[in-house]
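Below, each chain spelled out in residue letters.
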Amino acid sequence: MASELKDGLARCSEIFQRARRIVVFSGAGVSAESGIPTFRDPGGLWTAFPPDQFANWASILRLVSTDPVLLANFLVALLRPIVSARPNAAHLAIAAIEGKEKAVTVVTQNIDGLHQSAGSTTVIELHGSLFEVGYVRSHETWPVSSDALKRVLQSMEQFCRDRGSAAAFMEAVSPLYGKTQKGIYLPRVVLFGDFLPERAWEDASYALKKCDCMIIVGTSQVVQPAGSLSELATSHGAPIIGIGPEPIQCDAWLRGSACEILPRLVEAMPPV
Ligand code: NAD
């Protein structure tokens, strides 16, 4: 093991001696090794589908009538990796921290549901989930199954081949987007310009104010306000462990991929 990593893990081991309440703050990088590309890294979604057009609902919904084929291509690119993804060694290691007699809250920016699939019991989804749909003008929501998402993906792939009409698009996308007497329903996913779900933000802030260790993994922290949540941990002296290929401001930085580092980090925890 490289000495840089060995020293970092030794420092983490000391932190874990005192830590009882851990917050894991995750971003797209934690799911990269499950085959879901980050949006910003080279080859990510934003390369082919620029965020000014595809990261806000008004612009996306305009495409239903102006260019449904382009929108269907975007949905295929978004859904294809997520519907077939499985939790990776990093998600599983995070879930395993709960077995170390630590209270663990996972605060994630991801919309892929993989922390829950891995067995983490307290997961706060700051940016919502692709597996939940709800009305724009009410709090009514309902789950969308993985099978339903797979059917939407297949319909979208077919639609791209047939180059269908806006009406055909609406039919194909109806498990995720449509209109009833109660109004328009959409995936409960936070895009640029949207407010974060109030309850999720409050719960995440509370967990960070109370934690005695924060682990940050797979996020560039450029998306705000989520990116500034670490200030709540530092404000009361909770040490921060950072994991990823790029250094971040933290007390112990472990360079490497989430799948490479997180299982080692769990091994570095004192035995129960
Ligand atoms: P980001 O794209 O801004 O940053 C990803 C970070 O992960 C980068 O710092 C990168 O260096 C790092 N990274 C890449 N591969 C890694 C690996 N194997 N192990 C560890 N780190 C790795 O992502 P973000 O900060 O999460 O913000 C982007 C937004 O896009 C978020 O709001 C998120 O909801 C959304 N998003 C979600 C998913 C998902 O649900 N899986 C995927 C892409 C983007």
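As the structure is a prediction and not an experimental result, all values here were calculated from the model. (Residues numbered from 1 in each chain as written. Predicted model: local features only at pLDDT ≥ 70, side-chain atom pairs only at ≥ 80, totals over all residues. Heavy atoms only, no water.)

Caption draft 1: How the structure looks around the packing of aromatic side chains. Following the criterion strictly, the structure yields nine aromatic pairs and no others. Taken together, a centroid distance of 5.1 Å and an interplanar angle of 85° make the contact between Phe49 and Phe54 edge-to-face. Judged by its relative accessible area of 11%, Phe49 is buried. What makes Phe54 buried here is its relative accessible area of 1%. Ring pairing ties together the aromatic residues Phe39, Trp46 and Phe192, which thus form one cluster. (Phe/Tyr/Trp six-rings, centres within 6.5 Å; stacked < 30°, edge-to-face > 60°. Buried < 20%, exposed > 50% of the residue type's maximum accessible area, 1.4 Å probe, protein only.)

Caption draft 2: Local environment of the nonpolar core. One finds Leu130, Met156, Phe169 and Val173 to be the most contacted residues of the largest nonpolar core, which totals 43 residues. Elements with a contribution of two residues or more to this core: α3 (45-48), α5 (57-66), α6 (68-83), β4 (128-135), α9 (146-162), α10 (166-173) and β7 (183-189). A per-element tally of this core places α6 first, with ten residues. Apart from the residues within four sequence positions on either side, Leu130 is in contact with Leu78, Leu79, Ile82, Ile111, Val144, Leu149, Leu176, Pro187 and Val189. Core analysis: the next-biggest nonpolar cluster, separate from the first, contains 31 residues, Ala19, Ala93, Ile97 and Val104 among them. (Core = buried A, V, L, I, M, F, W, Y, C linked by side-chain atoms within 4.5 Å. Helix = DSSP H or I, 4+ residues; strand = E, 2+ residues; numbered from the N terminus. Contact = heavy atoms within 4.5 Å.)

Caption draft 3: Quick peek at the layout of surface pockets. Roughly 880 Å³ of volume is contained in the second largest pocket. Lining the second largest pocket are 31 residues, and of these Arg188, Val190, Phe195, Leu196 and Pro197 sit closest to its centre. Looking at the lining of the second largest pocket, the elements with two or more residues in it are α5, β3 (123-125), β4, β7 and α11 (198-210). For the lining of the second largest pocket, a count of residues per class yields 15 nonpolar, eight polar and eight charged. Counting only domains with at least three residues in the lining of the second largest pocket, you end up with domain 1 (1-35 + 87-127 + 195-272) and domain 2 (37-84 + 130-189). (1 Å grid on protein atoms, 1.4 Å probe; cavity = no way out; pocket = protein on both sides within 12 Å on 5 of 7 lines; lining within 4 Å. Points joined across faces, edges and corners; volume = space filled by probe spheres on them. Nonpolar A, V, L, I, M, F, W, Y, C, P; charged D, E, K, R; others polar. Domains from an automatic or database assignment.)

Caption draft 4: Layout of the packing of helix α1 (residues 3-18) against helix α13 (residues 258-267). Where α1 meets α13, the closest approach of the two axes is 9 Å, and the angle between their N-to-C directions is 45°. One finds that α1 runs oblique with respect to α13. Both α1 and α13 take part in a crossing whose hand is right-handed. Here α1 contributes Leu5, Leu9, Cys12 and Phe16 to the contact with α13, which in turn contributes Ile261, Arg264 and Leu265. Class assignment of the residues belonging to the contact of α1 with α13 gives a composition of six nonpolar, no polar and one charged. (Axes fitted to C-alpha atoms, helices over the stretch in contact; angles between N-to-C directions. Parallel < 35°, antiparallel > 145°, perpendicular 65-115°, else oblique. Left-handed = near helix turned anticlockwise from the far one by under 90°.)

Caption draft 5: Geometry of the domain arrangement of the protein chain. In terms of domain boundaries, the protein chain breaks down into domain 1 (1-35 + 87-127 + 195-272) and domain 2 (37-84 + 130-189). Just the C-alpha atoms count here: the centres of domain 1 and domain 2 sit 29 Å apart. With ten residues of domain 1 at the interface, the matching set in domain 2 holds nine residues. Between domain 1 and domain 2, a total of about 730 Å² is buried, with carbon and sulfur atoms accounting for 66% of that surface. Contact with domain 2 buries surface across domain 1, with Gly35, Ile111 and Asp112 losing the most and accounting together for 53% of the total. Inspection of the domain 1/domain 2 interface yields zero salt bridges. At the junction of domain 1 and domain 2, the tally comes to one residue pair in polar contact (both at pLDDT 80 or more). Within the side of domain 1 that touches domain 2, the residues separate by chemical class into four nonpolar, five polar and one charged. (Buried area = accessible area lost by both parts, 1.4 Å probe. Salt bridge = Lys/Arg side-chain N within 4 Å of Asp/Glu carboxyl O. Polar contact = N/O pair within 3.5 Å; in protein donor to acceptor, adjacent residues only side chain to side chain.)

Caption draft 6: Looking closely at the pairing of strand β9 (residues 240-244). A large share of β9 lies buried, amounting to five of its five residues. Alignment of strand β8 (residues 213-217) against β9, held across four bridges, turns out to be parallel. Within β9, the residue paired with Ile216 across the bridge is Gly242. (Pairing = 2+ DSSP bridges.)

Caption draft 7: Examining the environment of Gly178 more closely. You can see Gly178 is positioned in strand β6 (residues 178-180). For the pair formed by Gly178 and Tyr135, sequence separation is 43 residues and the distance between their alpha carbons is 9.4 Å.

Caption draft 8: Region of the structure containing the sheet that holds β8. Taking strand neighbours across the sheet as the criterion, the six strands line up as β3-β2-β1-β8-β9-β10 in an open arrangement whose pairing is parallel. Where the open sheet ends on each side, the last strands, each with one partner, are β3 and β10 (252-255). Each strand of the sheet is rotated relative to its neighbour by a mean of 15°, with strand direction disregarded. In this structure, β9 lies alongside β10, joined through four bridges in parallel fashion. Across the sheet, residue Gly242 finds its bridge partner in β10, namely Trp253.

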